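Tertiary structure, described
If you want the building blocks of each chain, they are given just below.
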Amino acid sequence: MKPLFFSLLFVSLLAFKEAGTEQDFVRENFSYAKQQLDLMLKDAESQKKLSFPRTINAGGKMVSTNMYDWTPGFFPGSLWYLYEYTKDKTLSAEATAWTEKLEPLKTFTGHHDLGFMMYCSYGNAYRLTGNPAYRNVLIQAARSLSTRFSPVTGSIKSWNVFKSWHGNTTYNYPVIVDNMMNLELLFFASKATGDTSFRHVAVTHALTAMKNQVRPDYSTYHVVCYDTATGKVVGRETAQGYADNSTWARGQAWAIYGFTMVYRETKDPRFLKTAMGLAEWYIYHKNLPADMIPYWDFNALEPGYTPGERSNALKVKDKPRDASAAAITASALLELSGYAGIKGNAYKQAAEKMLHSLGSAAYRAPVGSNGNFLLMHCVGSIPHNSEIDVPLVYADYYYLQALTRYRDLPGKK
Ligand code: GLY
């Protein structure tokens, strides 16, 4: 009896020490993030009032965008996560100010990214403050996003037009896998209002994507193009990946995250099966490096995969990593680990490894460098010859979200 008691005590003490160590890891990362984002706030405020941090230029200086790009919600969202961890009132004031600049977007219908733009900013603002004005902004934004849904295609239209990398073909109803992320705003609006039409749009979009965007082996197409009149699939191509038949790392990350979130909101086992299939395709892939930070595309430079004739991917002969895909995937896996039964532990361990790689000197920038962004070595779009091996504001956002989810895992208190 006694030896058993002492070995159990020893194992529990080890587990306690382990949990403590991981909380120290999270704490150190948030303390680092506070230093970087304080510097970024100063820099961002010295720029024009309505421009939102996104990346850096060749000289290492911050590049920002106007609010109509797809990324303005991530800087306010990062400030909200940092406030949530630190409870620093100055940060909540900054997060509020940066969030409220985006209010005009509530009626924006120009592309599908309203979910990213508003749910990462106003969604976190409402979650942490309960301010009813924010709830109303989110509901109006969901109405605007819903205008891009067609019952004929069963999808929300991503971009108004997509020009193929092959020849001069253009498509008028492109849907990209990233669009799964925008559905969270619709689920929120449905719960907030009791209006199930938002939920209907989200579930229909997810079912269509499950059928047309996810391949039988659980890898993903980036862009699926529909015939507006018949709803038939007329093209499956890539915009930001290496080739039409390859798997763009961030696209797969969006899919893992998106289907996990749709399972959370619906409890439909088809979405869980899809999320787990997508996740396992990613974490057990032969081309995923040992540090679990993917190359920008799982099939870059492989035989059997050919970029379109106009794609800049034809010119790139190395394989940059994409830390943004890793940050998104880590965050998704931490949520999925809670739904996946006995497989959950493997997903959690994979996420843990990704977070530790991202938090190492290989990917996390020294304080005051990297334009004050947190993570280095991300890829925006190689086909467009844009944002290659740079920091990206959304990598930082999902890194902070993943650290928050990691802190909150059962047993990690
Ligand atoms: N949603 C655009 C991207 O992931 O680059």
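Residues numbered from 1 in each chain as written. Predicted model: local features only at pLDDT ≥ 70, side-chain atom pairs only at ≥ 80, totals over all residues. Heavy atoms only, no water.

Quick look at the side chain of Asp178 now. In this structure, Asp178 sits in the loop between β7 (174-176) and α6 (183-193). For the buried Asp178, no salt bridge exists, and the shortest N-O distance to an oppositely charged side chain is 5.7 Å, to Arg250. When sequence neighbours within four positions are dropped, the list of residues in contact with Asp178 reads Phe116, His222, Gln240, Trp248 and Trp254. (Helix = DSSP H or I, 4+ residues; strand = E, 2+ residues; numbered from the N terminus. Buried < 20%, exposed > 50% of the residue type's maximum accessible area, 1.4 Å probe, protein only. Lys, Arg positive; Asp, Glu negative; His and termini not counted. Salt bridge = Lys/Arg side-chain N within 4 Å of Asp/Glu carboxyl O. Contact = heavy atoms within 4.5 Å.)

Turning our eyes to something else, we now look at the site of the ligand. The local shell around the ligand consists of Trp70, Asp178, Gln240, Trp248, Arg250 and Trp254. At 2.7 Å, a side-chain N or O of Asp178 approaches a nitrogen atom of the ligand. Interatomic distance of 2.6 Å between a side-chain N/O atom of Arg250 and an oxygen atom of the ligand. Contact with the protein chains hides 94% of the accessible area of the ligand, taken as 200 Å² for the molecule alone. Grouping the amino acids of the shell around the ligand by side-chain chemistry returns 3 nonpolar, 1 polar and 2 charged. (Near = heavy atom within 4 Å. Polar contact = N/O pair within 3.5 Å; in protein donor to acceptor, adjacent residues only side chain to side chain. Areas by Shrake-Rupley, 256 points an atom, 1.4 Å probe, with all protein chains shown as cover. Nonpolar A, V, L, I, M, F, W, Y, C, P; charged D, E, K, R; others polar.)

What follows concerns the pattern of salt bridges. Under the counting rule described, the total for this entry stands at 19 salt bridges. With its nearest N and O atoms 2.6 Å apart, the salt bridge here joins Asp24 to Arg27. You can see Asp24 and its partner Arg27 sitting in helix α1 (residues 2-46), 3 residues apart, about one turn around the helix. Relative accessible area serves as the criterion here: at 45%, Arg27 is assigned to the partly exposed category. Residue Glu302 is joined to Lys286 by a salt bridge in which the shortest nitrogen-to-oxygen separation is 3.2 Å. Taken together, the positions of Glu302 in the loop between α9 (269-283) and α10 (323-336) and Lys286 in the loop between α9 and α10 put the pair 16 residues apart, joining distant regions of the chain. Accessibility expressed as a relative area gives 67% for Lys286, which makes it exposed.

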